[in-house]
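Take a look at the letters that make up each chain.
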Amino acid sequence: MAQRLLQDTQVKLASEQTQKSANWSIQTELAAGLNAPQASISPKYLYDPLGSKLFEAICILDEYYPTRTEADIFALHAEDIAATIGQGVTLIDLGAGNCAKAAHLFASLQPRQYVPVDISADFLRESVAALRQKFPSLPIVEVAMDFSSSLHLPTGVGHEHRLFFYPGSSLGNFAPEEALQFLRRIRQNLPLGQHGGLLIGIDLIKDKALLDAAYDDDLGLTATFNRNVLRHVNRLLGSNFVLNDWLHRGFFNPVEERVEMHLEARRDVIVSWPDKGNRRFLQGDRIHTENSYKFTPDGFGELLRCAGFGQSKMWFDPHHWFMLCHTRPI
Ligand SMILES: C[S@@+](CC[C@H](N)C(=O)[O-])C[C@H]1O[C@@H](n2cnc3c(N)ncnc32)[C@H](O)[C@@H]1O
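Residues numbered from 1 in each chain as written. Predicted model: local features only at pLDDT ≥ 70, side-chain atom pairs only at ≥ 80, totals over all residues. Heavy atoms only, no water.

(A) How the structure looks around unusual backbone geometry. Although it is not a glycine, C99 sits at a positive phi angle of roughly 65 degrees. Along the chain, C99 falls in the loop between β1 (90-94) and α5 (100-103). C99 sits in the buried class, given a relative accessible area of 0%. Phi is positive for D275, which is not a glycine, with a value near 60 degrees. With respect to the secondary-structure elements, D275 resides in the loop between β8 (269-273) and β9 (277-281). (Helix = DSSP H or I, 4+ residues; strand = E, 2+ residues; numbered from the N terminus. Buried < 20%, exposed > 50% of the residue type's maximum accessible area, 1.4 Å probe, protein only.)

If you want it as structure tokens, here you go:
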């Protein structure tokens, strides 16, 4: 009995220690970003429970063409996509969010296991609970993790016929070198010569006005989503950002071929956090919160080749605004 109690206490202490060290590295990363010459906050912090809900709402805005356009591609090419991938895959959904996009594939792909992966742990738990009600016989292994530094999946995740599903052009949140490393990590997790592979949604370079509107909508939902990151950072870092001090900026930068989101100080402010952390922002200073790189089909094909993938199949919507791409490792 005493031995059991001792073991339980040791396990509890170890898990508290792991949590403390995770919090410490998050705080270190956030403070480093805020102190950098160009202040920044990683876009992964946009997704707390409210941020994930706000993103769901953004997806149904008229201006936000990516979700609708990607869905059109799936509808237009459903049979070909399913035939290309094959049935019975282990469906690994990177940045699963509400899991809705993957759920649309269940009927045609008949996955043997569904593995939604997301950093937004509470939102993921809720999404998976609803999914389990709807698909009671589908084995689901949910993985709450930050995949930006490692893609080490738990042992319960099947190795057979893995399909990595990475929709919504989320790859564009990575800088080009990081995107290449991320694709290489996916490649290393894919066994050769099996069904599955990588199915990825990619947003294409297009008219600036369309891109500007998609990331700065009239209703101000994207602005709210962007400013909500400061509430999340206040909770994680213990900082004292005042949301009303910050304006949303979202626009296409054609030189860098990316949409950028920033928060711009409306007045001079000093933001502080524990252990004497602080930064003075002058009116007009910006915190860079997201990049969303846009691609050409050729440019993306080249990136896949560099990451160790073979021939790829690409499907487009009628306007060529968005692309869905399937590829396998070589
Ligand atoms: C743009 S949303 C896409 C959601 C959904 N897959 C879609 O296509 O509509 C990005 C998703 O990736 C998750 N995410 C962002 N950064 C992440 C990271 N570093 N590790 C794990 N998940 C991440 C977010 O929580 C969010 O659900």
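(B) Representation of the sheet that holds strand β4 (residues 162-166) within the structure. Strand order in the open sheet formed by seven strands is β3-β2-β1-β4-β5-β12-β11, and the pairing between neighbours is mixed. Pairing within the sheet leaves two strands with one partner each, and these edge strands are β3 (143-144) and β11 (309-316). As defined by bridge partners, β1 adjoins strand β2 (residues 113-118) across five bridges and the pair is classed as parallel. Note on β2: the bridge partner recorded for L94 is V117. (Pairing = 2+ DSSP bridges.)

(C) Layout of the packing of aromatic side chains. Summed over the entire model, instances satisfying the criterion amount to 16 aromatic pairs. Summarising the aromatic geometry, the rings of F106 and Y114 are spaced 5.1 Å apart at their centres and angled 70 degrees between planes, so their arrangement reads as edge-to-face. Y114 sits in the buried class, given a relative accessible area of 0%. The interplanar angle of 50 degrees and the centroid separation of 5.3 Å between the aromatic rings of Y166 and F182 together place this pair among those described as tilted. (Phe/Tyr/Trp six-rings, centres within 6.5 Å; stacked < 30°, edge-to-face > 60°.)

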